[in-house]
Every structure is written in structure tokens, then in C-alpha cells.
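Overview (structure and organization)
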Amino acid sequence: MLKAKPFISQVNLVATQFDQTLAFYRLLGLDLPEPAADPSGVLHVEADVPSGAHFALDNEHLARLYNAARRAGTDRNSVLVCIEFADRTEIDAAYARLTAAGHEGLQPPHDAFWGSRFAMVRDPEGNSVGLRSKAEDALRSWPPQDSPAG
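Residues numbered from 1 in each chain as written. Predicted model: local features only at pLDDT ≥ 70, side-chain atom pairs only at ≥ 80, totals over all residues. Heavy atoms only, no water.

Attention shifts here to the overall build of the protein. In terms of helices and strands, the protein carries 4 helices and 8 strands. Going residue by residue from the N terminus, the α and β elements of the protein occur as β-α-β-β-β-α-α-β-α-β-β-β. What you see for the protein is a C-alpha radius of gyration of 15 Å, in line with the 15 Å of a compact globule of 150 residues. Buried residues in the protein amount to 44% of all 150 residues. (Helix = DSSP H or I, 4+ residues; strand = E, 2+ residues; numbered from the N terminus. Rg over C-alpha atoms; globule rule 2.2 N^0.38 Å. Buried < 20%, exposed > 50% of the residue type's maximum accessible area, 1.4 Å probe, protein only.)

Right under this line is the structure:
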């Protein structure tokens with residue numbers, strides 16, 4: 001049986017100027033809904049795009065919930081490229097493989113509030129790369145809690 005290959009499933013932008021960034025991408029022609037807002041200050045908008053990828057825009061407050069390196073001040077990237085794996089167990093294995101090869105781990109694997117197994121590493125160019133499994137509704141939780149520290 002062939003194992004499914006990982007693929008780029010999402011491009012996520014962290015916007016320090018959320019309203020202006022949302023307006024910019026709408027002006028480009030992306031059909032983005034009104035952002036999901038939470039009394040705690042979370043702003044998030046997402047949409048599937050015709051290429052089959054997923055585009056998401058988060059504010060700094062939300063990014064600090066899912067990224068321990070951002071809370072620590074060691075990750076200031078505004079772009080997060082997410083690689084999706086077929087199985088939750090592959091996230092831990094991929095994170096271990098990448099960090100053992102010398103790539104910086106930004107967020108150790110954990111069960112994220114949106115229902116995915118999730119981790120983050122830095123690529124050789126300094127970009128943040130999310131390793132995620134397909135989200136499972138039964139594993140979603142709200143409100144989001146800070147991810148575990150690295």
C-alpha cells in the first residue's frame with residue numbers, strides 16, 4: 001500500500017495590521033469572508049482558493065496562542081506555510097527527523113485547538129513551516145489555549 005505524500009495545504013499570514021491586510025487581499029480579488037472575532041481579541045479569516053490550497057489570515061493575538069516561539073519573541077515571520085500529512089503520527093516523526101537534522105524547532109508537536117496534530121520548524125531560509133494533520137472535528141476545542149512551550 002502506498003503511503004500518501006505530504007503536500008502544501010495552507011498558506012497562513014500573520015498580520016500586525018489585520019484590517020489593512022484583509023482589505024489588500026480583497027482588493028487583489030480573493031473572496032474572503034468577514035473575520036471570525038472573539039472577545040479575547042482573536043481575529044481570523046480563511047478561505048479555500050481555486051488552486052486547492054487554503055489561505056488564512058490571523059492577527060498577532062491568535063498567532064501567539066498557537067506558536068510558542070512567537071510568544072518567546074524568537075519567531076517574527078508573517079508567513080506560515082503548512083504541510084499536511086495523512087496521519088497524525090507522522091507529525092511527531094517529521095518534527096523529530098527535521099530537528100535531528102539541525103533544523104530549528106519552533107513549536108513541538110501537540111494537539112491544536114482546531115483539531116490537528118501540529119508542530120512548527122524553521123526552514124533554511126528562516127521561514128516558519130507548520131506540520132499538520134487533517135483536522136478532526138472530535139478533537140477541536142474552544143476557546144484556544146496557549147500551545148505547549150518548546
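Below, the discussion takes up the sheet that holds strand β5 (residues 79-85). Across the sheet, which stays open at both edges, the 8 strands sit in the order β2-β3-β4-β1-β5-β8-β7-β6 with mixed pairing between neighbours. On the outer flanks of this sheet lie β2 (36-37) and β6 (105-111), each paired with one strand and no other. Summarising the sheet, strand β7 (residues 117-122) and strand β8 (residues 128-133) pair through 5 bridges and their orientation is antiparallel. Each residue of the ladder has a partner; that of Met 120, found in β8, is Gly 130. Sitting on the sheet, helix α4 (residues 89-100) touches β5, β6, β7 and β8, and the angle it makes with β7 is about 15°. (Pairing = 2+ DSSP bridges. Contact = heavy atoms within 4.5 Å. Axes fitted to C-alpha atoms, helices over the stretch in contact; angles between N-to-C directions.)

For the rest of this paragraph, the subject is the nonpolar core. Leu 62, Tyr 66, Leu 80, Phe 113, Trp 114, Phe 118 and Met 120 are the most contacted members of the largest nonpolar core, which has 15 residues in total. Within the residue set of this core, elements represented by two or more residues are α2 (60-66), β5 and β7. Among the elements that make up this core, the one with the highest residue count is α2 (4 residues). If near-sequence neighbours (up to four positions away) are discounted, Leu 62 is found in contact with Val 42, Leu 43, His 44 and Phe 113. Core analysis: the second largest hydrophobic core is formed by 10 residues, Leu 13, Leu 22, Leu 32 and Ala 47 among them. (Core = buried A, V, L, I, M, F, W, Y, C linked by side-chain atoms within 4.5 Å.)

Attention now moves to the packing of aromatic side chains. On inspection of all chains with the given rule, the structure shows 7 aromatic pairs. Judged by centre distance (4.9 Å) and plane angle (85°), the rings of Phe 24 and Tyr 25 are edge-to-face. Overall, the relative accessible area of 46% leaves Phe 24 in the partly exposed class. Summarising the aromatic geometry, the rings of Phe 113 and Trp 114 are spaced 5.0 Å apart at their centres and angled 85° between planes, so their arrangement reads as edge-to-face. (Phe/Tyr/Trp six-rings, centres within 6.5 Å; stacked < 30°, edge-to-face > 60°.)

What follows deals with helix α1 (residues 18-27). Taken together, the buried positions of α1 are Phe 18, Thr 21, Leu 22 and Tyr 25. The arc that holds every buried residue of α1, seen down its axis, measures 100°, which confines them to one face. Exposed residues pointing more than 90 degrees away from the buried face of α1 are listed as Asp 19 and Leu 27. On its buried side, α1 packs onto β1 (7-15), β3 (43-48) and β4 (54-59). The first or second residue beyond α1 is Gly 29, which carries a positive phi of 115°. (Arc of directions from axis to C-beta.)

This brings us to the pairing of β5. Burial analysis of β5 places 5 of its 7 residues in the buried class, which makes it a mostly covered element. Bridge count between β1 and β5: 6 bridges; the pairing is antiparallel. Each residue of the ladder has a partner; that of Leu 13, found in β5, is Val 79.

For Gln 10, the position within the fold is in strand β1. Residue Gln 10 is classed as buried on the basis of its relative accessible area of 9%. Side-chain polar atoms of Gln 10 contact the side chain of Asn 12, separated by 2.9 Å. If we skip the residues at most four places from it in the chain, Gln 10 touches His 54, Ala 56, Leu 80, Val 81, Cys 82 and Arg 132. (Polar contact = N/O pair within 3.5 Å; in protein donor to acceptor, adjacent residues only side chain to side chain.)

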